[in-house]
Amino acid sequence: MENLVHLFYDEAYEMLEGMEQVLLSLEERGHDPETVNALFRYAHSFKGNSAAMGFTQLSRFTHGLESAMESLRREGRPLTPELATLLLQAVDLIRALLERTRTEGDVGDPACDLLLSQIQAVLSGAPTPHDSNTLPPSFAQSETSAERAARRYRVVYHPAPTLSPEHDPLALLRELEEYAQFIHCRFHHQIPPLNALKPDACYGHWELTVETAFEPAILRAVLELSAEGATVQIEEESAPSPTSLSAPDRSQTASDSDQGAPVRTVQAVSAPVKSESQSIRVATEKVDALFNLVSEIVIAQSMLSSAQAETTHERLRYAITQMERHVRELHERVMAIRLLPIGHLFNRFPRMVRDTAHQLGKKVNLIIEGEETELDRTLLELLSDPLTHLVRNAIDHGIEPPEERRACGKPETGTLLLRAAQSEGRIYIEVSDDGRGIDPERIRQKAIQLGWLSENEQPSLETLYDFIFRPGFSTAQQVSDLSGRGVGMEVVKRNVEQLGGAVSIYSAIGQGTRFTLKVPLTLAIMDGLGLRVDEEQYIVPLTAVLEAFRLSDLSRSAPFERGEIVNVRGRFIPLIRLRHIIGLPDKGESELVLILEQEGQQIALAVDSIVGQQQVVLKSLEENFLRVPGFAGATILGDGRVALILDVAELFRLTQHREPISRSAA
Amino acid sequence: MQTQLSENVQIASESAVEKYLVFQIGSESYGIPLLQVQEIRTYTPATRVPGAPPYVLGVINLRGNIIAVLDARARFGLAPPPDEQATVIVVAQVGGKTFGLRVDSVSDVVDVPLSEVQPPPAVASEQTQRFLSGLVQVDECVLILINLSEIFDLAEISRLASAA
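Residues numbered from 1 in each chain as written. Chains lettered and ligands numbered in written order. Predicted model: local features only at pLDDT ≥ 70, side-chain atom pairs only at ≥ 80, totals over all residues. Heavy atoms only, no water.

(A) Summary view of the packing of helix α3 (residues 56-74) of chain A against helix α4 (residues 81-104) of chain A. Residues and elements named next belong to chain A. Two elements in contact, α3 and α4, have axes whose closest approach is 11 Å; the angle formed by their N-to-C orientations is 165 degrees. In terms of orientation, α3 lies roughly antiparallel with respect to α4. In terms of crossing hand, the pair formed by α3 and α4 is left-handed. Taking contact as the criterion, the partners of Leu-58, Phe-61, Thr-62, Leu-65, Met-69 and Leu-72 in α3 are, on α4, Leu-83, Leu-87, Ala-90, Leu-93, Ile-94, Leu-97, Leu-98 and Thr-101. Of the residues contributing to the contact of α3 with α4, the split by class is twelve nonpolar, two polar and no charged. (Axes fitted to C-alpha atoms, helices over the stretch in contact; angles between N-to-C directions. Helix = DSSP H or I, 4+ residues; strand = E, 2+ residues; numbered from the N terminus. Parallel < 35°, antiparallel > 145°, perpendicular 65-115°, else oblique. Left-handed = near helix turned anticlockwise from the far one by under 90°. Contact = heavy atoms within 4.5 Å. Nonpolar A, V, L, I, M, F, W, Y, C, P; charged D, E, K, R; others polar.)

Below you can see the structure in the form of structure tokens.
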């Protein structure tokens, strides 16, 4: 926490300095959209950070400033010396307040509102105060806008569609009450039926009539605080006394503020460098180091988050929530740095296809699609071998020699399609050819020959296709230089599964074969669902989880006592028990059942209880130990303990080779 | 006289002396080459690894890396430790992999003159005999030198796991 506070102040001062420099350069050089944006960035980050620290007054003031300055950005208004002075005063005021937060916590000052209304007045072109050196009144000055007549406004407030702890409309309205007297308040809502209700959605808006002496911009600022997407309409209802609206007629000559020098010396500010290049080259080790660090931060964050429940310290809890969001975004951004277009990998194939086809006397036209699809650099490297193998296989086994193709009425030149696409958080890579296809009967014969099948077994197509991936399987008539040694497909499957992916085959005799590799976008970090069995926690990838039931609510059966089946809304789904997988006896009926889905198939997984959703960093078990069957790896939990991550693909395989139920405690 | 001698030996041939970490199981002292030892940690409960043989206590988090912890007592066919909380984990390396070995306690680092190490007589069962790499008298006590690569035998663990 200490470090966090430190960091906040360091950054805050940097941002203030930045704002100052930007303001000075704007004044000197005139309007420039890039510089104005920089100003907004500073103000925005400052607002977010101070809100995270619980300094709501500061963050509200900054927000007010931001809103007031909006016309600079939107209308490209030049920064007049007058405005510049006011804005610089605002920066000074923030700095002074910031210094006070160190000892006094969340402090505000009436001067803030006054200054805001002055800025607003200047921007709205209203008569400007005569004394352009008007300073904010002293911090001790408590009478604010009392002299100004209260006016009545109609406020329509639509909160952002999604609610969060940081964005609580009711809390904001309570805040507003400090600024305005509520005459009338109506809540309009359209709440959907319970089954369609999203717990974090906001289904209503408020219509208020308020009386206040404050500027409408301040009301707006309060309601828009820390909420992207909220809309606020403010209309004045009647204008009783438009005379003295703009600025207070006090002219303060001295200020208690240590920063309030009336005349600023405008220093030459180094010009913001505009000649930024579009990209920079960074050594991969640097990115990897950064990424590893972010992974550690994600773990540390999960420790913080789990500790959050133990504290009642409001600001701390708030900061942790805020941190969680930032860490998630940080992770996403760093991940994005590591993403490369798959074109890097695809680009090596034209040459390889040409050479291979030439060597085999075949004619092949390679089509590449979706080469702009991005995926993690490490994934790209690990996919290189499997893809190379599939492409070779397609040319060697799939696409027929020209004369054979002609005899079948196909064009002499075969087509090989390499396609990548992203969908549902996964990358799909297809290698397809219009060759002779895979003959299930030939696989069956080969399997019988290898002793994997008995003479009269007629397994399903999927089972037959699965044989292709078994070590030692090769249907190539002769062992060629390129493929057919029966090691390749096994490697393809293993590599892809190591990445948490899956391989599927679609084939039609005489028409062609398509291999689809499905891999996750990233390797290292994923969303997981924590499961508890006895004292230990396990993680299942969240992407695989469809829904959850109480086991006792589902009807069950166990045909031939070999593996259970549950009825989920009329569908019979194989049930496996996590307790069996990890070698523990059953625990009665109090268990929950998760429905997992993979490639359109579903299984039910019985667990003791669900702990909750969390981001987990995938750690290798093999690096220092062994691959543990049934598990894709491990992760480190918030309390520093290790949890194993279930391998969903393997769970599905388990249900296909089921053993008698009695095999419970190993 | 004895120490005098061993010091002389050390001077005569530097390479003939190796540092060993001494740990205890029950009343016996065992030694492993210090070069293979990375650190010593207090006992932390490990996460069970389904299917692993009983002498694998589980996996723990070693500063962001996952390592396995093996129980020396179980490995040597001895009863579980009387007080689990008092045990320590010796983190060591074998073949580029890091693992932990849970022992009763760690006491000392000693210089072992390699010339004085004697091959172990056949005292143990066939299964455990392979863990012994030698015996040596250090000061008052007999130090049982342990072959770590036999203890952290991944091929065996993997075989036992797939059989389970």
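(B) Representation of the pairing of strand β6 (residues 88-94) of chain B. All names here are of chain B. Of all seven residues in β6, six are buried; the element is thus mostly enclosed. In the sheet, strand β3 (residues 37-42) pairs with β6 via five bridges, with the strands oriented antiparallel. When the sheet's bridge partners are listed, Ile-40 is paired in β6 with Val-90. Strand direction decides the pairing type here: β6 and strand β7 (residues 97-103), joined by seven bridges, are antiparallel. Its bridge partner being in β7, Val-90 is matched across the sheet by Leu-101. Here β6 folds back onto β7 in antiparallel fashion, the turn holding two residues, of which Gly-95 has a positive phi close to 55 degrees. (Buried < 20%, exposed > 50% of the residue type's maximum accessible area, 1.4 Å probe, protein only. Pairing = 2+ DSSP bridges.)

(C) Representation of the packing of aromatic side chains within the structure. This model, assessed by the stated rule, comprises ten aromatic pairs over all chains. Aromatic pair A:Phe8 and A:Tyr9: ring centres 5.1 Å apart, planes at 70 degrees, arrangement edge-to-face. By relative accessible area, which is 5% here, A:Phe8 ends up buried. Among the aromatic residues, those joined into a cluster by ring pairs are B:Phe23, B:Tyr30, B:Phe76 and B:Phe131. The ring centre of A:Phe469 lies 4.9 Å from the NZ or CZ of A:Lys493, which sits over that ring. (Phe/Tyr/Trp six-rings, centres within 6.5 Å; stacked < 30°, edge-to-face > 60°. Lys NZ or Arg CZ within 6 Å of the ring centre and 35° of its normal.)

(D) Structural context of unusual backbone geometry. Despite not being glycine, A:Arg569 has its phi angle at roughly 50 degrees, a positive value. Tracing the backbone through its elements, the reader meets A:Arg569 in the loop between β16 (564-568) and β17 (571-577). You will see that B:Asp139, though not glycine, has its phi angle at about 50 degrees, which is positive. Here B:Asp139 lies in the loop between β9 (132-138) and β10 (141-146).

(E) Looking closely at helix α16 (residues 488-498) of chain A. Residue and element names in this part refer to chain A. Residues of α16 that are buried include every one of Gly-488, Met-489, Val-492, Lys-493, Asn-495 and Val-496, and no others. Buried residues along α16 cover an arc of 165 degrees about the axis, so they all sit on one side. Against the buried residues of α16 lie α12 (377-398), α15 (461-468), β10 (502-508), β11 (512-520) and α18 (648-656). Positive backbone phi, approximately 80 degrees, marks Gly-500, located one or two places after α16. (Arc of directions from axis to C-beta.)

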